[in-house]
Amino acid sequence: MPFSMKNFIFWSGVYNAGLALFLLFPPLYRGVGLNICDPIWGWLIAGFLAYTSVALILASRDLRSRASYVYWESLLRYIAALVLVPAGLFGSLGLIAVPLGLGDLSIGLVYMLGLPKELGLSHQALLYDRVN
C-alpha cells in the first residue's frame, strides 16, 4: 500500500488516542519510567491529546479542507519535542520522554513536508488556511 498523508494522519490520531488513554493511569506510565509529578498533569495532557486525536482523525476524512488543522498540529509537535527531549535528558521526566519527543518531531516533519507535496499547496496557504 503506498504512503498517503490521509492514512498517516488518521493513524497518528489513533496514536494520540492511545497516549491519552495511557496517561490516565499513573501506574502504567510510571511503569515505563515516565515521571509526571502529579496525576492531574497527566490527565490534563491526556485531555489535550484526546482533543488532538479527534481533530486529526476528522481531518483525515476530508484532508483538502481541513489540512490547515494538521499543519498547525505540526507546530504543536515541534513544541512537544522541544519540551520532552530536554526534560527527558536533563530533567526528571524520565528517559522515555526522549523517544516520545523525537517521535513528535518526526511526525511534525512528515505533516509539514508531506501536506504541501500531496495537496499541491504552499506552506503559506496551509498556515493561513487558504486551502480552497
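Each residue is numbered by its place in its chain's sequence as written, counting from 1. Residues qualify for local features only when their pLDDT is at least 70, as the model is predicted, and side-chain atom pairs are given and counted only at 80 or more; totals for whole chains, interfaces and linings, by contrast, use all residues. Calculation of side-chain values draws on the structure's entire complement of heavy atoms; hydrogens and water are dropped beforehand.

## Digging into the confidence of the model for the protein
1) Next: Looking at the protein as a whole, its pLDDT mean stands at 96, while 99% of the residues score no less than 70.
2) Next: Across the protein, helix α1 (residues 5-23) holds the top mean pLDDT of 98, while helix α2 (residues 26-31) sits lowest at 96. Predictor confidence is given residue by residue as pLDDT, running from a minimum of 0 to a maximum of 100. Strands here are runs of E lasting at least two residues and helices are runs of H or I lasting at least four, both read from the DSSP assignment and numbered beginning at the N terminus.

## Considering the packing of helix α4 (residues 63-90) against helix α5 (residues 97-119)
1) Next: What counts as an axis is a line fitted to C-alpha atoms, over the stretch in contact for a helix, and the angles between N-to-C directions run from 0 to 180 degrees. Between α4 and α5, the least distance of the axes is 7 Å, while the angle of their chain directions is 155 degrees. By the criterion of interaxial angle, the relationship of α4 to α5 is roughly antiparallel. Once α4 is placed against α5, the crossing between them reads as left-handed.
2) Next: Amino acids outside the nonpolar list (Ala, Val, Leu, Ile, Met, Phe, Trp, Tyr, Cys, Pro) and the charged list (Asp, Glu, Lys, Arg) are all regarded as polar, and Gly is one of them. The class makeup of the residues in the contact of α4 with α5 is 22 nonpolar, four polar and five charged. Every angle not falling under 35 degrees, over 145, or within 65 to 115 is termed oblique; those three ranges are roughly parallel, roughly antiparallel and roughly perpendicular. Each crossing gets its handedness from the near helix: less than a right angle anticlockwise from the far helix is left-handed, clockwise is right-handed.

## Comments concerning the packing of aromatic side chains
1) Next: Working definition: rings of Phe, Tyr and Trp (its six-membered ring) pair if their centres are within 6.5 Å, and the pair is stacked with planes under 30 degrees apart, edge-to-face with planes over 60 apart, and tilted otherwise. Enumeration according to the criterion identifies three aromatic pairs in this entry.
2) Next: When the ring of Phe3 is compared with that of Phe8, the centres are 5.8 Å apart and the planes differ by 50 degrees; the resulting orientation is tilted.
3) Next: Whether a residue is buried, partly exposed or exposed follows from its accessible area with a 1.4 Å probe, protein chains only, as a fraction of its type maximum: under 20%, in between, or over 50%, in that order. For Phe3, a relative accessible area of 56% puts it in the exposed group.
4) Next: Of the residues examined, Phe8 reaches a relative accessible area of 23% and is grouped as partly exposed.
5) Next: Put simply, the rings of Phe3, Phe8 and Tyr111 touch in pairs and so form one group of aromatic residues.

## A few points about the packing of α1 against α4
1) Next: Following both chains from N to C, one finds α1 and α4 inclined at 50 degrees, their axes separated by 12 Å at the closest point. Here α4 runs oblique to α1, going by the angle between their axes. Judged by the twist between their axes, the crossing of α1 over α4 is left-handed. Residue-level contacts link Met5, Lys6, Ile9, Ser12, Tyr15 and Asn16 of α1 to Leu63, Val70, Glu73 and Arg77 of α4.
2) Next: Its residues assigned to classes, the contact of α1 with α4 shows five nonpolar, two polar and three charged. Contacts are assigned to residue pairs that have any heavy atoms within 4.5 Å of one another.

## Topic: the pattern of salt bridges
1) Next: Between Lys or Arg on one side and Asp or Glu on the other, a salt bridge is scored when a side-chain nitrogen of the former is within 4 Å of a carboxyl oxygen of the latter. Within the structure shown, the criterion is met by two salt bridges.
2) Next: Arg77 is the partner of Glu73 in a salt bridge, and the nearest nitrogen-oxygen pair spans 3.1 Å. With Glu73 and Arg77 both in helix α4, this residue pair falls four residues apart, about one helical turn.
3) Next: Arg77 is the salt-bridge partner of Asp104, the closest N and O atoms lying 2.8 Å from each other. You can see Asp104 sitting in helix α5 and its partner Arg77 sitting in helix α4, a full 27 residues away along the chain.
4) Next: By relative accessible area, Asp104 is classed as buried at 10%.
5) Next: Overall, Arg77 belongs to the buried group, its relative accessible area being 3%.

## Structural notes on the nonpolar core
1) Next: Definition used in this section: a nonpolar core is a set of buried Ala, Val, Leu, Ile, Met, Phe, Trp, Tyr and Cys residues joined via side-chain atoms within 4.5 Å. Ile9, Leu63, Val70, Tyr111, Leu115 and Leu126 are the most contacted members of the largest nonpolar core, which totals 18 residues.
2) Next: Elements with a contribution of two residues or more to this core: α1, α3 (39-61), α4, α5 and α6 (123-127).
3) Next: Ranked by size, the runner-up nonpolar core spans 10 residues in total, among them Ala20, Ile36, Ala46 and Leu93.

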